[in-house]
Amino acid sequence: MSLGYAEKLSYKEDVGTVGMSEIFDSPADFQLKIEELAGLIKESKHLVVFTGAGISTSCGIPDFRGPKGIWTLQQEGKDLPKASLPFDRAMPSVTHMALVELEKAGVLKFLISQNVDCLHLRSGIPRCKLAELHGNSFREICPACGIEYIRDFEIETIGMKETSRRCSNLTCGANLLDSVLDWEDAGSDTNNRDLGVFLQRGKEVGANGNRHQSAAHPLREDVLPPKEMKPAEKHCKMADVILCLGTSLQITPACNLPLKCLRGGGKIVIVNLQPTPKDKKAALVIHGLVDEVISGVMKNLNLLIPPYVRIDRVQLGLYQSPKRSMYTTWTLRISSIHGDKAPIPFINSVEVSFPERLDLKPTVLSVQPFLMRRKTKNKSFKLILKFNLSEGCGLPYIIITWAIDLEAPDTSFDYDDNVMMQNLRASAIGQGLWGGQHATLRSSSLPRSILRVDAFVTKIVTYSSHFPEEESKESLPLDRGTAIAIDTRSLFKRPRDN
């Protein structure tokens, strides 16, 4: 179970209806409804999907109103469940990846989410086709220039407060804000006034992960980000089918968006384990697990659900001090690509060894940012870096070799990130491995320093119910004996011109 931002939420006395019993359609009705839904999707011209917390429960993220939901437990006076998985390591579900395939096939035109878990973006939904109404726990935004930053760690605040980082735009440098709306802050007249000015500039960022607000105390519509609400309303009015997945449809104004398709003759389909206030408006209501429904729909549409490949990045730096003797002093620094003060959530420790230099002792770096200083007489040597990975990764470690020549540093290059990531994913899927594939995205050399950014495949998840001939890699034991690190630079296109 991964709680993430839910632990930051303030206690709310009136959160509407919670803890209702779950309902399951009979097997016969369930199958007939899946076939009906598949037919509606197949015939649709403008499909919009509206998601809530229910699509992420199978990822280890709790919902709010279910029998074991956050608010249900609070009302029963029970403690929240202890997290067994870091929020940043939650992986997309079958449903998340099926939506990616529907978008790539041209079937899904737009996706609206109340969730803040970033799983739609991580799964591969284009940002331009996603409205995140309530924020994103992994996104920071610049209130001055509007740049959005997607992080690999959970932002430490909610409520659109200042974080500890600044905008990296050289002409800006403003303090960044988190992007998750906070209901209590939104209820403050002072905060509404400041937040409203910011949102009207259109420089806010939307939401993903699930923020629930009592229907009795709705979040004001003018507080929801226009950048998210305007396209959401536009596509809901255009939709001929709006598919609501895993949402109680109790949070206003978001819950009223699906109704906007009705005037144009559109149909609403609701997939949820509990009744919703909008059921009477729906053309079809399915009571069942969202993943099972979507799996059945994809089978009926003859579409495969793609595997999910998790890629993490890290920055490696080697800095040489001015030479004052026959020895050269240099420092190895391993840090986050998001800045020296940002965490590297997927690495627990780094083991550094020198295979060709027995006089240099190996060491284990366990404090971030990882730092090591050494003196060497020769300016060329080889480093072996063993990255011991955190919980939630698909393998225990990744090993890379770095050949260093301080007198003749590597040529600088800067590959196109999108091309590199696409090819790294394709390489990982094609090789059918656990992960561990590795590529250097960029490298820059200065007279006394080398700085590079490396990308690693840290987990591959396939969905065995859609690949019957193959066993899901997720179900196999983690440690196969050897972690594989492959430098795949030769697979990629030439560096982009500077």
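Residues numbered from 1 in each chain as written. Predicted model: local features only at pLDDT ≥ 70, side-chain atom pairs only at ≥ 80, totals over all residues. Heavy atoms only, no water.

It is worth spelling out the overall build of the chain at this point. Counting its regular elements, the chain contains 9 helices and 21 strands. Considering the chain as a whole, with its 498 residues, one finds that 56% of them fall into the buried category. Long-range contacts, defined here as pairs at least 24 residues apart, represent 69% of the contacts in the chain between residues at least 6 apart. (Helix = DSSP H or I, 4+ residues; strand = E, 2+ residues; numbered from the N terminus. Buried < 20%, exposed > 50% of the residue type's maximum accessible area, 1.4 Å probe, protein only. Contact = heavy atoms within 4.5 Å.)

Our focus in this paragraph is the pattern of salt bridges. What the rule picks out here adds up to 20 salt bridges. Notably, a salt bridge pairs Asp 25 with Lys 33, separated by 3.2 Å at the nearest N-O pair. Residue classification places Asp 25 among the buried residues on the basis of a relative accessible area of 16%. The closest approach of N and O atoms between Asp 312 and Arg 89, which form a salt bridge, is 3.0 Å. One end of the pair, Asp 312, is in strand β11 (residues 308-320); the other, Arg 89, is in the loop between α2 (70-75) and α3 (94-104), with 223 residues separating them in the sequence. (Salt bridge = Lys/Arg side-chain N within 4 Å of Asp/Glu carboxyl O.)

Scanning all chains against the criterion turns up 0 disulfides. In this model Cys 172 remains outside any disulfide bridge; the closest cysteine sulfur is found in Cys 142, 3.5 Å from its own. On the basis of relative accessible area, Cys 172 is assigned to the partly exposed category, the value being 29%. (Disulfide = S-S within 2.5 Å.)

Moving on to helix α1 (residues 27-43). Given a rise of 1.5 Å per residue, 17 residues ought to cover 24 Å, and the 25 Å separating the end C-alpha atoms of α1 matches this to within 8%. Considered for burial, the residues of α1 that qualify are Phe 30, Ile 34, Leu 37, Ala 38, Leu 40 and Ile 41. The buried side chains of α1 occupy one side of the element, clustering within an arc of 160° when seen end-on. Away from its buried face by more than 90 degrees, α1 exposes Ala 28, Leu 32, Lys 42 and Glu 43. (Expected span 1.5 Å × (residues − 1). Arc of directions from axis to C-beta.)

Before going further, it helps to spend a moment on the side chain of Thr 331. Tracing the backbone shows Thr 331 in strand β12 (residues 328-335). Looking at Thr 331, the relative accessible area reads 15%, which means it is buried. Here the side chain of Thr 331 touches Arg 373 through a polar contact of 3.3 Å, side chain to side chain. (Polar contact = N/O pair within 3.5 Å; in protein donor to acceptor, adjacent residues only side chain to side chain.)

Let us now look at the sheet that holds strand β2 (residues 108-113). Pairing is parallel in the open sheet, where 6 strands are placed in the order β3-β2-β1-β8-β9-β10. Across the chains shown, the open sheet's two edge strands, defined by having one partner strand only, are β3 (130-132) and β10 (284-286). Pairwise comparison of adjacent strand axes, ignoring direction, gives a mean angle of 15° for this sheet. As judged from the 3 bridges shared by strand β9 (residues 267-271) and β10, these two strands associate in the parallel manner. Residue Ile 270 lies in a different strand from β10, and its bridge partner there is Val 285. Relative to the sheet, helix α7 (residues 226-238) contacts β1 (47-51), β2, β3 and β8 (241-245), its axis offset from that of β2 by approximately 135°. Contacts from helix α8 (residues 290-300) reach β8, β9 and β10 within the one sheet, and its direction differs from that of β8 by about 140°. (Pairing = 2+ DSSP bridges. Axes fitted to C-alpha atoms, helices over the stretch in contact; angles between N-to-C directions.)

Geometric descriptors of this kind do not, in isolation, establish any biological role.
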